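Residue-level listing of the chains:
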Amino acid sequence: MATTTATLTLSSADLLSDNMSLSATMNLYKDGTTATGLEQLNYHRALIPTGTNFDLIPESAALSEDASYVYICLKNTDVTDYVKISINSEEIGRLYAGDWLFMPWDCDLTHATADSSIEIQAFTHDATIEYMLFHNGETLLTAGD
C-alpha cells in the first residue's frame, strides 16, 4: 500500500488587512476507505501544438471503478502562454505559464451523453504539459484497454 499526501498552502501578507495563512493536507485513499492508499501513478510530459484540442486523460473502462486525482502543470515560461482545460466540452479553467491544478476526477462511463475525458487546448504557443493521474489501478477488461 502506498501513502500519498497532497498539501496546499496559501499565504499572503497584503491580500487582506492582516496576514493570511491557510494550509490543507489530505491523503489519497481508495474509494470507500480511510486506510488503503492509491497504488498507481501515470506520469506524462506532452507537447501540445497551438490550437490543438487534445484528450489529455481519456475515458477508460479500465479506470471507471474508482475515484482518481489529476495533477496538470503548464511548464511554459512565457507569461502570455495559456491552455484551456475542459471536461465534456465545458471549460473548467485556464492555466498560464507555471500554473498547475490538482483535482479529483471520476471516469464516469455510466452516462452515455457525457464525456468525462480531460481535454486541453494550447493558445499563443505550443504548450509543454506535465500531468499525473493518481489512481487505484487499472482493471483491464479487454485487450484494447
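Details of the structure are given in the entry above.
Since this is a predicted model, take the numbers as computed values, not measurements.

## Quick look at the environment of Leu 38
Now for step 1: Relative to the elements of secondary structure, Leu 38 occurs in the loop between strand E2 (20-27) and strand E3 (40-48).
Now for step 2: Here the alpha-carbon distance between Leu 38 and Ser 68, two residues 30 residues apart in the chain, equals 8.4 Å.
Now for step 3: Beyond its immediate chain neighbours, meaning those up to four positions away, Leu 38 contacts Ala 2, Leu 28, Tyr 29, Lys 30, Ala 67, Tyr 69, Phe 134, His 135 and Asn 136.

## Let's talk about the pattern of salt bridges
Now for step 1: Counting across every chain of the model gives four salt bridges.
Now for step 2: Between Glu 130 and Lys 75 there is a salt bridge, with the nearest N and O atoms lying 3.8 Å from each other. A residue pair is termed long-range when its members are at least 10 positions apart, and Glu 130 in strand E10 (residues 127-135) and Lys 75 in the loop between strand E5 (67-74) and strand E6 (82-87) qualify at 55 residues.
Now for step 3: Judged by its relative accessible area of 37%, Lys 75 is partly exposed.
Now for step 4: In this structure, the salt-bridge partner of Glu 91 is Arg 94, at a minimum N-O distance of 3.2 Å.
Now for step 5: Members of the salt-bridge network, linked through shared partners, are Arg 45, Lys 75 and Glu 130.

## Some words on the nonpolar core
Now for step 1: Ranked by internal contacts, the top residues of the largest apolar core, which has 21 residues, are Ile 72, Val 83 and Ile 129.
Now for step 2: Listed by contribution, the elements that provide at least two residues to this core are E3, strand E4 (53-57), E5, E6, strand E8 (100-106), strand E9 (118-123) and E10.
Now for step 3: For this core, the leading source of residues is E10, giving four residues.
Now for step 4: Leave out the neighbours within four places in its chain, and Ile 72 touches Leu 56, Ile 85, Leu 95, Asp 99, Trp 100, Leu 101, Ile 118, Ile 120, Ile 129, Glu 130 and Tyr 131.
Now for step 5: Among the nonpolar cores identified, the runner-up in size contains six residues, and Ala 6, Leu 38, Met 132 and Phe 134 belong to it.

## Topic: the pairing of E9
Now for step 1: Note that E4 and E9 share four bridges and pair antiparallel. The residue of E9 that forms the bridge with Asp 55 is Glu 119.
Now for step 2: Pairing of E6 with E9, which is carried by six bridges, proceeds in the antiparallel orientation. By the bridge assignment, Ile 85 is partnered in E9 with Ile 120.

## Quick notes on a nonpolar patch on the surface
Now for step 1: The grouping of Leu 8, Leu 10, Leu 22, Met 26, Trp 100 and Phe 102 at the surface amounts to a nonpolar patch, some 540 Å² of accessible area in total.
Now for step 2: Broken down by secondary-structure element, the contributors of at least two residues to the nonpolar patch are strand E1 (5-12), E2 and E8.
Now for step 3: Tracing the chain through its elements places Leu 10 in strand E1.
Now for step 4: Judged by its relative accessible area of 39%, Leu 10 is partly exposed.

## Quick notes on the sheet that holds strand E7 (residues 90-96)
Now for step 1: Within the open sheet, the four strands sit side by side as E4-E9-E6-E7. Their pairing is antiparallel. One side of each edge strand has no neighbouring strand; the edge strands of this open sheet are E4 and E7. For this sheet, the mean angle separating the axes of adjacent strands, direction not counted, is 30°.

Cut-off values and rules
Residues numbered from 1 in each chain as written. Predicted model: local features only at pLDDT ≥ 70, side-chain atom pairs only at ≥ 80, totals over all residues. Heavy atoms only, no water. Helix = DSSP H or I, 4+ residues; strand = E, 2+ residues; numbered from the N terminus. Contact = heavy atoms within 4.5 Å. Salt bridge = Lys/Arg side-chain N within 4 Å of Asp/Glu carboxyl O. Buried < 20%, exposed > 50% of the residue type's maximum accessible area, 1.4 Å probe, protein only. Core = buried A, V, L, I, M, F, W, Y, C linked by side-chain atoms within 4.5 Å. Pairing = 2+ DSSP bridges. Patch = residues over 30% accessible without salt bridge, like charges linked within 9 Å, V, L, I, M, F, W, Y side chains within 5 Å. Areas by Shrake-Rupley, 256 points an atom, 1.4 Å probe, with all protein chains shown as cover. Axes fitted to C-alpha atoms, helices over the stretch in contact; angles between N-to-C directions.

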